[in-house]
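Examining the three-dimensional arrangement
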Amino acid sequence: MLIKPLLAFRIASNSTVILRGFQRSTKRIRTNTINSKRLPITELPGKSNDRKLTWILKGGVFTALSVGAIELCLEPAYSYFYPRQPYKMFEEYRRQFESPHTRRKSRVEEWWLVLSPIEKVTAGIVFVNCCVFGMWRFAKSQRRFMYKYFTASHRSSSSSILFANFSHFGFFHLLFNCICLDSMASLLNNFFTPPQFLKLYLQAGMLSVYGTMFVRTLVGPRIQVAVLGSSGSIMALIGYISQAVPNDEFCIIFSPSIRLQSSSMMYIIPAIDTFGYLVQRLGYNTRIGHEAHLIGIFIGYLYFHLYGWS
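Residues numbered from 1 in each chain as written. Predicted model: local features only at pLDDT ≥ 70, side-chain atom pairs only at ≥ 80, totals over all residues. Heavy atoms only, no water.

1. Points about the overall build of the chain
Helix and strand counts for the chain come out as twelve helices and two strands. Element order for the chain, N to C, with α for helix and β for strand: α-α-α-α-α-α-α-α-α-α-β-β-α-α. Per-residue burial over the chain gives 38% buried out of 310 residues. Of the contacts made within the chain by residues no fewer than 6 positions apart, 76% connect residues no fewer than 24 positions apart. (Helix = DSSP H or I, 4+ residues; strand = E, 2+ residues; numbered from the N terminus. Buried < 20%, exposed > 50% of the residue type's maximum accessible area, 1.4 Å probe, protein only. Contact = heavy atoms within 4.5 Å.)

2. What about the nonpolar core?
Membership of the largest hydrophobic core comes to 49 residues, with the highest contact counts inside it found for Phe 192 and Phe 197. Elements that contribute at least two residues to this core include exactly α2 (50–81), α5 (117–138), α6 (143–149), α8 (171–188), α9 (194–218), α10 (231–244), α11 (265–281) and α12 (290–307). Among the elements that line this core, the one with the most residues is α9, at nine residues. (Core = buried A, V, L, I, M, F, W, Y, C linked by side-chain atoms within 4.5 Å.)

3. Comments concerning the packing of α5 against α8
Between α5 and α8, the least distance of the axes is 9 Å, while the angle of their chain directions is 170 degrees. In terms of axis orientation, α5 runs roughly antiparallel to α8. Every residue of α8 that contacts α5 at Ile 118, Glu 119, Thr 122, Ile 125, Val 126, Asn 129, Cys 130, Phe 133 and Arg 137 is listed here: Phe 171, Leu 174, Cys 178, Leu 181, Ala 185, Ser 186 and Leu 188. (Axes fitted to C-alpha atoms, helices over the stretch in contact; angles between N-to-C directions. Parallel < 35°, antiparallel > 145°, perpendicular 65-115°, else oblique.)

4. Quick notes on α9
Between the first and last C-alpha of α9 there are 36 Å, a value that for 25 residues agrees with the 36 Å anticipated at 1.5 Å per step. Most of α9 is tucked away: 19 of the 25 residues are buried. (Expected span 1.5 Å × (residues − 1).)

5. Structural notes on the packing of α10 against α11
Between α10 and α11, whose axes approach to 9 Å, the crossing angle comes to 150 degrees. With respect to α11, the axis of α10 lies roughly antiparallel. Of the residues in α11, those in contact with Met 235, Ile 238, Gly 239, Ser 242 and Gln 243 of α10 are Met 265, Met 266 and Ile 269. Its residues assigned to classes, the contact of α10 with α11 shows five nonpolar, three polar and no charged. (Nonpolar A, V, L, I, M, F, W, Y, C, P; charged D, E, K, R; others polar.)

6. Considerations on α5
Under the 1.5 Å per step criterion, the end-to-end length of α5 is 32 Å for 22 residues, consistent within 8% with the ideal 32 Å. Among the residues of α5, those classed as buried are Ile 118, Val 121, Thr 122, Ile 125, Asn 129, Val 132, Phe 133, Gly 134 and Trp 136. Against the buried residues of α5 lie α6, α8 and α9.

7. Observations concerning the environment of Ile 125
Within the fold, Ile 125 resides in helix α5. The class for Ile 125 is buried, based on a relative accessible area of 5%. Sequence separation of Ile 125 and Asp 182 is 57 residues, and the distance between their C-alpha atoms is 9.8 Å. When neighbours within four sequence positions are excluded, Ile 125 is seen to be in contact with Phe 166, Leu 181, Phe 197, Leu 198 and Tyr 201.

8. A closer look at a nonpolar patch on the surface
Together, Phe 298, Tyr 301, Leu 302, Leu 306 and Tyr 307 line one region of the surface with nonpolar side chains, adding up to about 530 Å² of accessible area. Summarising the element assignment, Tyr 307 is placed in helix α12. (Patch = residues over 30% accessible without salt bridge, like charges linked within 9 Å, V, L, I, M, F, W, Y side chains within 5 Å. Areas by Shrake-Rupley, 256 points an atom, 1.4 Å probe, with all protein chains shown as cover. Salt bridge = Lys/Arg side-chain N within 4 Å of Asp/Glu carboxyl O.)

9. Examining the confidence of the model for the chain
Averaged over every residue, the pLDDT of the chain is 77; the share at 70 or more is 73%. Within the model, pLDDT remains below 50 along residues 1–36, and this stretch shows eight contacts once partners closer than five positions in the same chain are excluded. Every residue in residues 43–47 is under pLDDT 50, and counting partners more than four places away or in other chains gives twelve contacts. (pLDDT = per-residue confidence, 0-100.)

10. Examining the state of the cysteines
A disulfide bridge is the covalent bond that connects two cysteines by way of their sulfur atoms. Under the counting rule described, the total for this entry stands at zero disulfides. As a non-bridged cysteine, Cys 178 has Cys 130 as the owner of its nearest cysteine sulfur, 5.1 Å distant. You can call Cys 178 buried: its relative accessible area is 12%. With no disulfide of its own, Cys 180 lies closest to Cys 178 among cysteine sulfurs, the gap being 9.4 Å. (Disulfide = S-S within 2.5 Å.)

11. Notes on the pattern of salt bridges
Summed over the entire model, instances satisfying the criterion amount to three salt bridges. Among the salt bridges present, the one from Glu 75 reaches Lys 199, with a minimum N-O distance of 3.4 Å. Residue Glu 75 is found in helix α2, and its partner Lys 199 is found in helix α9; the two are separated by 124 residues along the sequence. Here Glu 75 falls in the partly exposed class, since its relative accessible area comes to 32%. A salt bridge links Arg 216 to Glu 291; the nearest nitrogen and oxygen atoms lie 3.3 Å apart.

Here's what the structure looks like:
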């Protein structure tokens, strides 16, 4: 009669040991993931779809409200604050306490005054990107905060759809995006005012991030990497330029001798990213957001044909 109770006790004790071992291993995996130098795998096999669907619904509401707010409020806010230029009041207040010998403009001020309005906006975006990159590298104790608000995944906040556009984890990812953005700034100054440029940049970035997460939720692989970077916004600018100045030329980074016609970028980039996406579907994780590239360049193409020349 004691065989069954002893057998049940042995099974229960073994299952408890296995459960504790599993908990320790998962805790070790999470700790190594937070402290690792590479982006973590944010979704594990067998994860329930409830979290994913909830995030998609919340993210869709946040994206729709944010895109509408940017469309309605950004340009009126710029037209209200820019003529007043409140920073000039602080500049005049500062000069009252300076001696005539210290009023010479610094090199940074001289460089800033030479820039066009769009170049000033792009310089601000590059500065924010570098600050967030510095937080990734030096504020390692805040990795959980960075993963929650600066990477788009099913475990992050809905606001990460906006903040992920200014987040870059790798140095070369940051470098390439900043070089592309800075090289297009002088040309974009002919087509946009600063609020119009910011509207396209922010809206295209948010729609690219959310579209990428939506596609990966529906048809993507079960093991996913967090989404971050401003590639969707930059692709939208490339799509717009390819339609606005089709006879202009693009140079390849670090290979200026290779020049491509602007109109051909609407065929070359989608072809490369479609091939890359198919490779990812076969199981090769290239850690590149091909979906964001495709969505971004389509938004730029659509923006030109809807609004034309600004």
